[in-house]
Amino acid sequence: MNLVIASGKGGTGKTTVATSLAVTLARHGQTVAYVDCDVETPNGHLFLKPMVTRERPVEKLVPRVNQETCLLCGLCAAVCRFNAIACLPDQTLVYEELCHGCGGCTRVCPVGAITEAPHPVGVVKVGAAGAIQFVSGTLNVGESTSPPVIRATRQAAPAADWTILDAPPGTACPMMEAVRGSDYVVLVTEPTPFGLHDLRLALEVVKTFDLPCGVVVNRAQPGATEARDLCRQARVRILAEIPDAVAIAKEYSRGQLVVETVPGLREIFDQLCLRLLEEVPKEKCPHEMRQRLEAAIRASSQSPATGPPAAGDPFSTPRLAAPRQREEPTRAASAS
Ligand code: SF4
Ligand code: SF4
């Protein structure tokens, strides 16, 4: 099951949701791969604290011009949509950072003056955080084209029951590259004018890919209905609402996994998992896996300390109290 966690704008809590969901699923015995495709600012590692075991560079092919044979005809510059190659009166220059490696200039050159050479654009790291498989891509400083790094990061993801893909924010090419080919998209938003505006744009993008999706409202305020109204109009389900709480912000700023340290969040993420099971296409989520996860969540919710919230209202979960000490063995235990 490939789940993409995306948002129309940065800073909505996308990584908080992605890492917390990964930890929740692993705690319930699922195999999970967390894949950080937010390659310009990957930060999932700050919370999951993985052990990286492999690292490999990502390259793209860029043109090299043989100035001896170049006719200075300008055909290559004319075909380049990214202004990455310029034909000057005395030479033809390539701006490698701007090049998308499409190969168009090589094809149109009438005298074969252009060859292609690898150019490093980023790096992909692979490792593990307890039971969670961890993959993260990073775009090199100064590079402008993240899709090759996102593609390489996705390709490095190991097989798992759940692949949680942390997408780049926004609605441009990088986000589309991450969303393409997924099974379900979780859009994270916040109930501010900017957040809701960008949620509308993100919903449009997901619609163009014809993918099922749901919404998580972060920093939700009791009584604020704008996000619910928008989702009702767009016929998209709200999967969870995470309250606006100082305890969450404090734990986040300390690099803690809030689902493990802030009381009340574990129940919210258990509920999110159950709602995802109702939403994701049945053919993408084997019946046995679905049953196992449901049973594990229901069993853990019978503990008096983690009673289930009232159906449909995440604000009915226990009020957020002071953070608890992180239970270090949790993820290690779920590895066994
Ligand atoms: S490979 Fe494509 S993007 Fe790069 S310089 Fe040539 S035409 Fe432009
Ligand atoms: S298309 Fe070939 S010959 Fe023409 S300017 Fe470009 S590199 Fe030179």
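Residues numbered from 1 in each chain as written. Chains lettered and ligands numbered in written order. Predicted model: local features only at pLDDT ≥ 70, side-chain atom pairs only at ≥ 80, totals over all residues.

Draft legend 1. Up close: the overall build of the chain. Scanning the chain from N- to C-terminus turns up 13 helices and eleven strands. Expressed as a percentage of the 336 residues in the chain, the buried residues total 46%. For the chain, the share of sequence-separated contacts (at least 6 apart) that also reach a separation of at least 24 residues comes to 76%. (Helix = DSSP H or I, 4+ residues; strand = E, 2+ residues; numbered from the N terminus. Buried ≥ 20, exposed ≤ 12 C-beta atoms within 10 Å, placed from the backbone. Contact = placed C-beta atoms within 7 Å.)

Draft legend 2. Representation of the packing of helix α7 (residues 193–208) against helix α8 (residues 226–234). Where α7 contacts α8, the axes come no closer than 11 Å and their chain directions differ by 20 degrees. Here α7 is positioned roughly parallel relative to α8, judged by the angle of their axes. The two elements α7 and α8 meet at a crossing, and its hand is right-handed. For the pair α7 and α8, the contacting residues are L196, L199, R200 and L203 in the first and E226, A227, L230 and A234 in the second. Residue composition of the contact of α7 with α8, grouped by class: six nonpolar, no polar and two charged. (Axes fitted to C-alpha atoms, helices over the stretch in contact; angles between N-to-C directions. Parallel < 35°, antiparallel > 145°, perpendicular 65-115°, else oblique. Left-handed = near helix turned anticlockwise from the far one by under 90°. Nonpolar A, V, L, I, M, F, W, Y, C, P; charged D, E, K, R; others polar.)

Draft legend 3. A look at the sheet that holds strand β8 (residues 162–166). With mixed pairing, the nine strands of this open sheet are ordered in space as β3-β6-β7-β2-β8-β1-β9-β10-β11. What marks the edges here is a single partner per strand, and that holds for β3 (51–65) and β11 (237–243). Shown here is a sheet whose adjacent strand axes are inclined to one another by a mean of 20 degrees, direction ignored. Relative to strand β7 (residues 132–139), strand β2 (residues 32–36) runs parallel, the two sharing five bridges. In the strand pairing of β7, V35 is matched with V135. In this fold helix α1 (residues 14–27) packs onto β1 (2–6), β2, β7, β8, β9 (184–189) and β10 (213–220), with an angle of close to 165 degrees to the strand it touches most, β8. (Pairing = 2+ DSSP bridges.)

Draft legend 4. The site of ligand 1, seen in detail. Inspection of the region around ligand 1 gives 14 residues, with C80, C99, C102, G104 and C105 positioned closest. In the shell around ligand 1, the residues fall into ten nonpolar, four polar and no charged. (Near = placed C-beta within 6 Å.)

Draft legend 5. Focus on the site of ligand 2. Inspection of the region around ligand 2 gives 15 residues, with C70, C73, L75, C76 and C109 positioned closest. The class makeup of the residues in the shell around ligand 2 is 13 nonpolar, two polar and no charged.

Draft legend 6. Spatial organisation of the pairing of β2. Summarising burial for β2: five of the five residues are buried, a large majority. The two faces of β2 match: V32, Y34 and D36 on one face and A33 and V35 on the other face are all buried. Where β2 and β8 come together, five bridges link them in parallel fashion. In the sheet register, A33 faces β8, and the bridge partner there is T163.

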